[in-house]
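Residue-level structure breakdown
So the chains spell out like this:
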Amino acid sequence: MAFCFFFTDTATTGIYTLSLHDALPICYRDVLDRVGDGDVIFRVLDVGGDKLLAAMGGVREYNPFLGVRGARFLLRNPEILQTQLRALYRASVSGSMKLMFPMICDVEELRALHSHCERVRDALTREGHEFDPDLDLGVMIETPSAVAMAPELAQECDFFRPGTHDLTQYLLAVARPNPRVTYPARPAPPAAPPAPDR
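Read on for a plain summary of the structure. (Residues numbered from 1 in each chain as written. Predicted model: local features only at pLDDT ≥ 70, side-chain atom pairs only at ≥ 80, totals over all residues. Heavy atoms only, no water.)

**Side note on helix H1 (residues 23–35)**
For H1, built from 13 residues, the straight-helix expectation of 18 Å at 1.5 Å per residue is met to within 8% by its first-to-last C-alpha distance of 19 Å. Looking at H1, one finds that the buried residues are Leu24, Pro25, Tyr28, Val31 and Leu32. Down the axis of H1, the buried side of the element spans an arc of 120°, and every buried residue falls inside it. Facing away from the buried surface of H1 by more than 90 degrees, the exposed residues are Ile26, Asp33 and Arg34. Where H1 ends, the next residue or the one after it, Gly36, has phi of about 75°, a positive value. (Helix = DSSP H or I, 4+ residues; strand = E, 2+ residues; numbered from the N terminus. Expected span 1.5 Å × (residues − 1). Buried < 20%, exposed > 50% of the residue type's maximum accessible area, 1.4 Å probe, protein only. Arc of directions from axis to C-beta.)

Here is the structure:
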């Protein structure tokens, strides 16, 4: 069976506001309809680094790739996180989907994100919405700490996917936007660990 990734930040960066509460489920359902019988892995919003969001107020950090991005941003902005999770769960009746969380650095972050999923599921149930309560929840392995903690993370999630761009830059101290230091980031550099198998 075919599957595809959908990076949700590509549909929301720069325009994401809480007023999109009703528009987002339609967008995600459209993706599922287009894929048809295949699985779609939706990466939950990943902003920060080289991707700014209107909700961040235009704040630029000194070192954004090591700042508030991915899971850190989501946990600091629970309204945005829960708005997106509600949209994703509401769209889940339209096809086969999985959710994947970005830039996880430790188990506690993942548990906190799962707790938000549980709250959203409880709210949708109370409100009478149809949704799939058993979506697989995965982790994008993009940080050295996630590689080191892969056995522990595996106990808390349903699947892994490697995020090779960020993982490479963190392992090799190579900034992705800087063309002057891209030469160490060749395919399969010696320092790159094997991807976690799950």
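There's more to say after this.
**With respect to the packing of helix H3 (residues 78–91) against helix H4 (residues 107–127)**
Between two packed helices, both the angle of their axes relative to each other and the distance between the axes serve to describe the pair. In the contact formed by H3 and H4, the axes pass within 9 Å of each other and the chain directions differ by 55°. The angle between the axes of H3 and H4 places the two elements in the oblique class. Handedness of the crossing formed by H3 with H4: right-handed. Contact residues: Pro78, Leu81, Gln82, Leu85, Arg86, Tyr89 and Arg90 in H3; Leu113, His116, Cys117, Arg119, Val120, Arg121, Ala123, Leu124 and Glu127 in H4. (Axes fitted to C-alpha atoms, helices over the stretch in contact; angles between N-to-C directions. Parallel < 35°, antiparallel > 145°, perpendicular 65-115°, else oblique. Left-handed = near helix turned anticlockwise from the far one by under 90°. Contact = heavy atoms within 4.5 Å.)

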